[in-house]
Amino acid sequence: MIRVIAAAAVVALFADDYLLRFLAEILLFGVAVMSLDILIGFGGLMSLGHAALFGGAAYAAAIVARQWGGDLVLMLGTGMATGLVLAAVMGVVVLRSGQLFLLIMTLLLAQMLWEVAFHWRDVTGGADGLRGLPALSLGPWALSGARALFLVAVPLAVVAFLVARSFIAAPIGRALVGTREEPIRMTALGYSLFAVRFRAMMVAGAMAGAAGALLPFVNQYVGPQSVHWTLSATLVIMLVIGGIGSLWGGFIGSAVYLGIQTYLSAYTDRWQLLVGLVFVLTVLLLPNGVAGGVRRWRS
Amino acid sequence: MTPILALNGITKRFGAFTALDDVGFTIRPGEAVGLIGPNGAGKTTLFNIITGFLRADAGSVRFADRTIDTVAPARRVALGLARTFQTAMVFPGLTARENIAMAVRRRAGDGLRWFGGASGTDAASRLLDDAGLAHRADTLLRDMSHGERRIVDALMPLALSPRVLLLDEPTAGLTRAEGERLLDILRRQHAGTALLLVAHDVDIVLGHCDRVVVMELGRVIRIGTPAEVRDDAEVRRAYLGSPGGC
């Protein structure tokens, strides 16, 4: 952890604005992927609606910021509250379903949110999205520069990782793993599958919401693509590349994906071909993702 | 003595097939009751109805003087009704200690705690020690033998300190000696728990149970002591076969 913080400090001192903003985006996406890992990797709950939690919080933060300013605490609170509410709604609707139905139901719910974002032009800006947001701030200090955004994203990612790791190590996290491995046995031990999975959904929602709330300030924009199911699929791809069930693999996956997207798209429109190739190679050669490969190499 | 578990007129149909037809019997606190019958007799279906995994078409299940027909399976466990399954249902990616700790935490009401480390490992260790598996406590279940997995599988519901424990073929796949050892462990670990035991090895059932219920084609055809059941002509015809069959 100390090494991570030291590395972040060095990067913050020497990297240029473009790189810092890019790294902040990686960290925010990494937190969202890590929260998805709680559901998929530890709970076996395959979701194609996670962008609704991440992007929904981004919209909520942007809308609130336009009204009351971009106070960091207010933004994080708004994002987490939005993530929690959306996760609660999603959880109540989908968690009594299993496998394929859960996948489809999460996708449909997220698409309903996309419909709202796309058509409620007065509030969400419709297809154009929302731009011209006020600067992020903490009390009297403006956090508008790339360096400040990066220095906000780093502690958020560290805290989110510690919370996720603590959650998985706690009895509720062990129970979540149990519901993935033997749901019938868990019921026979007296655990309510819904209660366990709903709690996991809430933690994932709060985490994705906190990260999503900062995304509009890093990108200086939020649009309907933020809640589209294709972003949910992108988060899953990042998770697979980074390593399912590792938590920190989410950051690797988002770095690989966003790196290809950011740097290769300058040369070709077909950068997604390379993403596809990386995805296939990961599945074939590193079935547990980059994180799994690192674990295997270390052992 | 008031029965801890009372089944009354349990009937279950799957389409035109009647799996259970007016099944009824009682179990007293601390009593060990064997449930035997040929394949298709309805034993597992009855287990599923008692534990709430299936809903009966008719009849009722009373547990501790309370009708529990509409009570969810997880809630029935909280009332004191625990079970095993025909195949060992364990968590292969967790160690033996963690498997049992999952049950210990549930019993202690600590299974859904958000933060802090996983508890219940001390009690789990004691159970494993009593069962002679202390040296395997930190082994993943996927790396254990079938017999060891079976013992862990049976220790999990036992760790819930149930008032009634339903054991569905706990000795399947075990040698006679392993099966006897497992049942000895179960009786020793929780002498006050009533047992409802299904096993194909009739000698094990007759040797460990106070009473035996014999089923055939979804109906109860005999209830009695092991000696009475062993000597019953209809039971011999339906299940035990030749006079030397058990």
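Residues numbered from 1 in each chain as written. Chains lettered and ligands numbered in written order. Predicted model: local features only at pLDDT ≥ 70, side-chain atom pairs only at ≥ 80, totals over all residues. Heavy atoms only, no water.

Here we look at the overall build of chain A
When its secondary structure is counted, chain A shows 14 helices and three strands. In summary, chain A has a C-alpha radius of gyration of 19 Å against a globular reference of 19 Å for 299 residues, a match within 12%. Taking the principal axes of its C-alpha atoms as reference, chain A extends roughly 55 × 45 × 40 Å. Residues classed as buried in chain A amount to 56% of the 299 residues present. Intrachain contacts of chain A at a sequence separation of at least 6 include 77% that bridge at least 24 residues. Separation between the mean location of the 17 positive side-chain charges and that of the 11 negative ones in chain A comes to 11 Å. (Helix = DSSP H or I, 4+ residues; strand = E, 2+ residues; numbered from the N terminus. Rg over C-alpha atoms; globule rule 2.2 N^0.38 Å. Buried < 20%, exposed > 50% of the residue type's maximum accessible area, 1.4 Å probe, protein only. Contact = heavy atoms within 4.5 Å. Lys, Arg positive; Asp, Glu negative; His and termini not counted. Charge placed at Lys NZ, Arg CZ, Asp CG, Glu CD.)

What to know about the pairing of strand 10 (residues 219–224) of chain B
Residue and element names in this part refer to chain B. In this sheet, strand 10 lies alongside strand 9 (residues 211–216) in antiparallel orientation, the contact comprising five bridges. Directly across from Val213, in strand 10, lies its bridge partner Ile223. Connecting strand 9 to the antiparallel partner strand 10 that follows it, the hairpin turn spans two residues, and Leu217 within it adopts a positive phi of roughly 50 degrees. (Pairing = 2+ DSSP bridges.)

Regarding the packing of aromatic side chains
Inspection of every chain in the model, using the stated rule, returns seven aromatic pairs over all chains. Centre to centre, the rings of Phe194(A) and Phe198(A) are 5.4 Å apart; their planes meet at 25 degrees, and the pair counts as stacked. With Phe194(A) and Phe198(A) both in helix 10 (residues 193–219) and four residues apart, the pair spans about one turn of that helix. Pairing Tyr257(A) with Trp271(A) gives two aromatic rings, centres 5.9 Å apart and planes at 85 degrees, and the pair type is edge-to-face. Remark: Trp271(A) occurs in helix 13 (residues 271–285) and Tyr257(A) occurs in helix 12 (residues 249–264); sequence separation between them is 14 residues. Accessibility classification places Tyr257(A) together with Trp271(A) in one group, the buried group. The lysine or arginine in question, Arg96(A), covers the ring of Phe194(A), its NZ or CZ lying 4.2 Å from the ring centre. The residue whose ring lies beneath Arg106(B) is Tyr191(A), and the NZ or CZ to ring-centre distance is 5.4 Å. (Phe/Tyr/Trp six-rings, centres within 6.5 Å; stacked < 30°, edge-to-face > 60°. Lys NZ or Arg CZ within 6 Å of the ring centre and 35° of its normal.)

What about the pattern of salt bridges?
Opposite charge on two side chains permits them to pair, given that their charged atoms come into close proximity. Per the stated rule, a full pass over the model turns up 14 salt bridges over all chains. In this structure, Asp201(B) engages Arg176(B) in a salt bridge whose closest nitrogen and oxygen atoms are separated by 2.7 Å. Taken together, the residues span a long stretch of sequence, with Asp201(B) in the loop between strand 8 (194–198) and helix 7 (202–208) and Arg176(B) in helix 6 (residues 176–189) at a distance of 25 residues. A relative accessible area of 23% means that Asp201(B) is categorised as partly exposed. The salt bridge partner of Arg222(B) is Asp232(B), with a shortest N-O separation of 2.5 Å. You can see Arg222(B) sitting in strand 10 and its partner Asp232(B) sitting in the loop between helix 8 (226–231) and helix 9 (233–240), a full ten residues away along the chain. Each of Arg185(A), Arg150(B) and Asp153(B) takes part in one network of salt bridges that share partners. (Salt bridge = Lys/Arg side-chain N within 4 Å of Asp/Glu carboxyl O.)

Comments concerning the sheet that holds strand 9 of chain B
Residue and element names in this part refer to chain B. Pairing in this open sheet of six strands is mixed, and the strands run 6-7-8-3-9-10 from one edge to the other. Strand pairing shows two members of the sheet lacking a second neighbour, strand 6 (81–83) and strand 10, which therefore form its edges. Shown here is a sheet whose adjacent strand axes are inclined to one another by a mean of 20 degrees, direction ignored. (Axes fitted to C-alpha atoms, helices over the stretch in contact; angles between N-to-C directions.)

Topic: the packing of helix 2 (residues 17–42) of chain A against helix 10 of chain A
All names here are of chain A. Helix 10 packs onto helix 2 with a crossing angle of 165 degrees between their chain directions and a minimal axis gap of 8 Å. When the axes of helix 2 and helix 10 are compared, the pair comes out roughly antiparallel. Of the two elements, helix 2 crosses helix 10, and the hand of that crossing is left-handed. Across from Arg21, Ala24, Glu25, Leu28, Phe29, Val31, Ala32, Met34, Ser35, Ile38 and Leu39 in helix 2, the residues of helix 10 making contact are Ala200, Met201, Val203, Ala204, Met207, Ala208, Ala211, Leu214, Leu215, Phe217, Val218 and Asn219. (Parallel < 35°, antiparallel > 145°, perpendicular 65-115°, else oblique. Left-handed = near helix turned anticlockwise from the far one by under 90°.)

Focus: the packing of helix 11 (residues 229–242) of chain A against helix 14 (residues 289–298) of chain A
Residue and element names in this part refer to chain A. Close contact between helix 11 and helix 14 brings their axes to 3 Å; oriented N to C, the two are set at 10 degrees. Compared by their axis directions, helix 11 and helix 14 come out roughly parallel. Judged by residue contacts, Val240, Ile241 and Gly242 of helix 11 engage Gly289, Val290 and Ala291 from helix 14.

A closer look at the side chain of Thr282(A)
In this fold, Thr282(A) is placed in helix 13. Beyond its immediate chain neighbours, meaning those up to four positions away, Thr282(A) contacts Val240(A), Ile241(A), Pro287(A) and Gly289(A).

Section: the side chain of Glu181(A)
When you line up the elements, Glu181(A) lands in helix 8 (residues 171–181). Only 3.0 Å separates the side chain of Glu181(A) from the backbone nitrogen of Gly93(B), close enough to count as a polar contact. Residue contacts for Glu181(A): discarding those within four places in its chain leaves Phe91(B), Pro92(B), Gly93(B) and Leu94(B). (Polar contact = N/O pair within 3.5 Å; in protein donor to acceptor, adjacent residues only side chain to side chain.)

So, the interface of chain B and chain A
Of the residues lining the interface, 32 residues belong to chain B; the matching set on chain A comes to 26 residues. With both sides pooled, the region where chain B packs onto chain A buries about 2400 Å², and carbon together with sulfur makes up 68% of that total. Among the salt bridges present, the one from Asp153(B) reaches Arg185(A), with a minimum N-O distance of 2.3 Å. Elements represented by at least two residues in the side of chain B that touches chain A include exactly helix 2 (73–79), helix 3 (96–107) and helix 5 (146–158) of chain B. When residues of the side of chain B that touches chain A are assigned to their parent elements, the largest contribution, five residues, is made by helix 3 of chain B. The residue makeup of the side of chain B that touches chain A, split by class, is 19 nonpolar, six polar and seven charged. (Buried area = accessible area lost by both parts, 1.4 Å probe. Nonpolar A, V, L, I, M, F, W, Y, C, P; charged D, E, K, R; others polar.)

In short, the description is geometric, and any link to function would need to be established separately.
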